[in-house]
Amino acid sequence: MIVFDLECINGHVFEGWFDDRDDLSRQQEQGLLQCPVCDSFSVSPKLSAVAIRRSAAPVSGGSGREMASQAQLDAMAEFAERMTQYVENNYENVGSSFTKEALEMHYGVKEFKQIRGTTTKEEEKTLEKEGVPVFKLPTFNTDNEDLN
């Protein structure tokens, strides 16, 4: 058994017990996960802290330090993948209209919703100046160097 912290789209956090990670994924894909507080079916695993155990004895094929570094890289890669998946599944992609949409929601022209998209460096400065809260995530596969 493995325990995951789960969070619904309304921010309620609760535990789920599963046979393994595949069991969690299967239940999520089948829409079987439901928030016990608000009954929302939009539920995803919460990012959790990662613990790395250091061994006193080196493992053959590499030093303990090299193994810990690889474990740290693996943990960071998993964290980045889970965060990216969460954003892709729970935020509407508005693409290059991100700044326009964010400003309209900030000033009450449009109803608030979770969005994701791209900005130029100038647009990012405008959002900061206007006091629009933005969380910037790196993108790795963009061909446009002017995008942030």
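Parameters and conventions
- Residues numbered from 1 in each chain as written.
- Predicted model: local features only at pLDDT ≥ 70, side-chain atom pairs only at ≥ 80, totals over all residues.
- Heavy atoms only, no water.
- Pairing = 2+ DSSP bridges.
- Helix = DSSP H or I, 4+ residues; strand = E, 2+ residues; numbered from the N terminus.
- Buried < 20%, exposed > 50% of the residue type's maximum accessible area, 1.4 Å probe, protein only.
- Axes fitted to C-alpha atoms, helices over the stretch in contact; angles between N-to-C directions.
- Arc of directions from axis to C-beta.
- Contact = heavy atoms within 4.5 Å.
- Phe/Tyr/Trp six-rings, centres within 6.5 Å; stacked < 30°, edge-to-face > 60°.
- Core = buried A, V, L, I, M, F, W, Y, C linked by side-chain atoms within 4.5 Å.

A.B. asks: What should I look at first to understand the pairing of strand E4 (residues 92–95) in this one?
C.D. replies: Regular strands show a simple pattern: their side chains alternate between the two faces of the sheet. Both E4 and strand E5 (residues 115–117) contribute to a ladder of 3 bridges, which runs parallel. Bridge pairing in E5 places Asn93 opposite Arg116.

A.B. asks: So what exactly am I meant to see when it comes to the environment of Glu88 here?
C.D. replies: Checked against the element boundaries, Glu88 lands in helix H2 (residues 64–90). Glu88 sits 27 residues away from Ile115 along the chain, and the two C-alpha atoms are 9.6 Å apart.

A.B. asks: I keep staring at unusual backbone geometry and nothing clicks. Help me out?
C.D. replies: Its identity as a non-glycine residue notwithstanding, Asp39 has a phi of 65°, on the positive side. If you trace the backbone, Asp39 turns up in the loop between helix H1 (21–29) and strand E3 (43–45). Residue classification places Asp39 among the partly exposed residues on the basis of a relative accessible area of 47%.

A.B. asks: Please clarify how the sheet that holds strand E2 (residues 13–18) should be interpreted in this entry.
C.D. replies: The strands that make up a sheet pair up through hydrogen bonds in the backbone, lying either parallel or antiparallel. The 3 strands are arranged E2-E1-E3 in an open sheet whose pairing can be described as antiparallel. Edge positions in the sheet fall to E2 and E3, since each of these pairs with one other strand and no more. Looking at each pair of strands side by side, their axes are set apart by 40° on average, direction ignored. Direction of pairing for strand E1 (residues 2–8) relative to E3: antiparallel, over a ladder of 3 bridges. Within E3, the residue paired with Leu6 across the bridge is Pro45.

A.B. asks: I keep staring at H1 and nothing clicks. Help me out?
C.D. replies: Residue pairs spaced three or four apart in an α-helix point in one direction, given the helix's 3.6 residues per turn. Residues of H1 that are buried: Asp23, Leu24 and Gln27. Taken around the axis of H1, the buried residues stretch over an arc of 100°, which confines them to a single face. Projecting away from the buried face of H1 at angles above 90 degrees are the exposed residues Asp22 and Glu29. Its buried side turned inward, H1 meets E1, E2 and E3. After H1 finishes, the residue Gly31 shows a positive phi value of roughly 70°.

A.B. asks: Please explain the pairing of E1 as it appears in this structure.
C.D. replies: Pairing analysis gives 6 bridges linking E1 to E2, with the strands arranged antiparallel. When the sheet's bridge partners are listed, Ile2 is paired in E2 with Phe18. Taking the residues that link successive antiparallel strands as the turn, the E1-E2 hairpin has 4 residues, and the phi of Gly11 there is positive, at about 90°.

A.B. asks: Where do I start with the packing of aromatic side chains in this structure?
C.D. replies: Remark: the centre distance and the inter-plane angle together describe each pair of aromatic rings, the angle taken between the planes. By the definition in use, this model includes 2 aromatic pairs. Their ring planes at 55° and their centres at 6.0 Å tell us that Phe4 and Phe18 sit as a pair that is tilted. You can see Phe4 sitting in strand E1 and its partner Phe18 sitting in strand E2, a full 14 residues away along the chain. Phe18 matches Phe4 in its accessibility class, with the two residues each being buried. Summarising the aromatic geometry, the rings of Tyr86 and Tyr91 are spaced 6.4 Å apart at their centres and angled 65° between planes, so their arrangement reads as edge-to-face. The exposure class assigned to Tyr91 is partly exposed, which follows from its relative accessible area of 26%.

A.B. asks: Would you take a moment to explain the nonpolar core for this structure?
C.D. replies: The nonpolar side chains of a soluble globular protein tend to be buried with one another. One finds Phe4, Leu6, Cys8, Phe14, Phe18, Leu24, Leu33, Cys35 and Val43 forming the largest nonpolar core, which totals 9 residues. The element contributing the most residues to this core is E1, with 3 residues. Excluding its chain neighbours within four sequence positions, the residues that come into contact with Cys8 are Phe14, Cys35, Cys38, Ser40, Ser42 and Val43.

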